[in-house]
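Observations on the three-dimensional arrangement
Take a look at the letters that make up each chain.
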Amino acid sequence: MYRFNLPKRLGKLIFRTNNSVLSNGSRKGLKFKLMLGTCGILCGYVGFLLFADSDDTPQYYPGHLTATLFRRVPLNGLSKFWGQLAECHIPVPLRPIVYYSYSRFFHCDLNEVEDPNLKSYPCLSDFFIRKISPDKRPICYSASVVSPVDGEVLHCGPIDQRKAVLEQIKGIRYSLDEFLGPIGSKRSFTRNKSDRTLYQCVVYLAPGDCHRFHSPVEWVPTVRRHFPGRLLSVRPNIAGRLPGLYTINERVVYLGEWDYGLMSFTAVGAFGVGNIHMTIQYVFVLQIHQ
């Protein structure tokens with residue numbers, strides 16, 4: 001009877017091959033379980049966003065799945081984190097590098113900056129609200145209304161006072177009553193004369209624009225209202241698909257009077273822009289009659 005002995009090298013090769021096959025099989029099973037668990041978590045989170053939505057859907061806001069998920073994305077926390085990051089002090093030698101990179105990515109025109117010395121901005125928030133040189137944006141003081149910001153006009157025109165609606169972009173509407181509040185809506189129609197028409201103007205500020213705004217007219221604000229809300233993106237391509245988007249986001253509404261009746265100025269927050277600081281200057285005129 002003959003006895004066959006395998007060479008030691010061949011035996012080691014077969015042993016290693018079997019171990020590698022078992023190892024690959026275990027890894028594939030582990031990957032499948034991880035993928036299955038991840039899908040389960042995502043599906044559960046999507047279900048939570050859909051069925052645990054306790055917020056009232058604004059008027060004109062679409063009710064399809066994409067719009068609902070977009071409204072429920074927790075961007076407020078990310079915006080807060082971005083705000084804290086933007087407030088961090090930047091070392092002086094690194095400031096030109098950071099601001100040049102930011103300007104190139106978001107298309108900022110550094111030739112329009114009033115203070116061209118980039119080292120004078122301690123943090124990104126200060127650069128975000130940089131001043132524009134007056135000779136680059138001359139103000140027409142003879143005009144009744146001027147642009148409050150250096151941005152892109154998305155819509156400008158009369159308000160449909162019968163339906164009490166505003167427009168984000170042409171044809172995309174949102175409720176005046178939800179945007180300004182019930183008091184603002186009543187003031188619009190009761191204190192405005194019938195022979196006058198209410199107008200609105202929507203100006204969009206891109207991330208590369210100067211986020212410093214001013215009063216468009218000489219007026220006296222008498223009411224200030226703060227509406228807590230989301231910090232969703234208000235980019236034109238998004239605002240053009242989601243009616244009622246401005247009524248969801250956090251905003252500050254100022255109401256008052258000017259020479260022609262009701263005046264309203266509203267600053268709407270967005271992703272990465274959650275802090276709004278207002279400075280109001282009152283001018284007192286003393287008239288002496290003899």
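Since this is a predicted model, take the numbers as computed values, not measurements.

One number sums up the size of the second largest pocket: a volume of about 1000 Å³. The wall of the second largest pocket is formed by 29 residues, among which Ile 139, Val 146, Ser 147, His 214 and Ser 215 lie closest to the centre.

Our next topic: the nonpolar core. Core analysis: the biggest nonpolar cluster contains 28 residues, and Leu 245 and Tyr 246 have the highest contact counts within it. Counting only elements with at least two residues in this core, the list comes to β2 (165-169), α6 (176-180), β4 (199-204), α8 (236-239) and β6 (251-258). Ranked by residues supplied to this core, first place goes to α6 with 3 residues. Not counting the four nearest positions on each side in its chain, Tyr 246 is found in contact with Leu 154, Gln 168, Tyr 174, Phe 179, Val 202, Val 234, Ala 239, Arg 251 and Val 268.

Attention shifts here to helix α4 (residues 95-106). Residues separated by three or four positions in an α-helix point in the same direction, a consequence of the helix having 3.6 residues per turn. Relative to the 16 Å expected for 12 residues at 1.5 Å per residue, α4 spans 16 Å between its end C-alpha atoms, a close match to the ideal helical length. For α4, the full list of buried residues reads Arg 95, Pro 96, Tyr 99, Tyr 102 and Ser 103. The buried residues of α4 occupy an angular sector of 135° when the element is viewed end-on, so they sit on one face. For α4, exposure combined with an orientation more than 90 degrees from the buried face picks out Ile 97, Tyr 100, Arg 104 and Phe 105. Close packing links the buried residues of α4 with α5 (124-128). Within two residues after α4, His 107 carries a phi angle of roughly 60°, on the positive side.

As enumerated under the stated definition, the model contains 0 disulfides in all. Unpaired in this structure, Cys 88 has its nearest cysteine sulfur neighbour in Cys 123, at a distance of 8.5 Å. Take Cys 88: its relative accessible area is 39%, and that puts it in the partly exposed class. Cys 156 supplies the cysteine sulfur nearest to Cys 201, a cysteine that is in no disulfide, at a spacing of 4.2 Å.

Turning to unusual backbone geometry, a few remarks are in order. For His 107, which is not glycine, the phi dihedral falls at a positive 60°. Relative to the helices and strands, His 107 is located in the loop between α4 and α5. Of the residues examined, His 107 reaches a relative accessible area of 71% and is grouped as exposed.

Quick look at the pattern of salt bridges now. Taken as a whole, this structure holds 2 salt bridges when the rule is applied. Among the ionic pairs, Asp 150 bridges to Arg 137, the shortest N-O distance being 2.8 Å. One end of the pair, Asp 150, is in the loop between α5 and β1 (152-158); the other, Arg 137, is in the loop between α5 and β1, and 13 residues separate them in sequence. Within this structure, Glu 112, Arg 137 and Asp 150 form a network of salt bridges that share partners.

Rules of the game
Residues numbered from 1 in each chain as written. Predicted model: local features only at pLDDT ≥ 70, side-chain atom pairs only at ≥ 80, totals over all residues. Heavy atoms only, no water. 1 Å grid on protein atoms, 1.4 Å probe; cavity = no way out; pocket = protein on both sides within 12 Å on 5 of 7 lines; lining within 4 Å. Points joined across faces, edges and corners; volume = space filled by probe spheres on them. Core = buried A, V, L, I, M, F, W, Y, C linked by side-chain atoms within 4.5 Å. Buried < 20%, exposed > 50% of the residue type's maximum accessible area, 1.4 Å probe, protein only. Helix = DSSP H or I, 4+ residues; strand = E, 2+ residues; numbered from the N terminus. Contact = heavy atoms within 4.5 Å. Expected span 1.5 Å × (residues − 1). Arc of directions from axis to C-beta. Disulfide = S-S within 2.5 Å. Salt bridge = Lys/Arg side-chain N within 4 Å of Asp/Glu carboxyl O.

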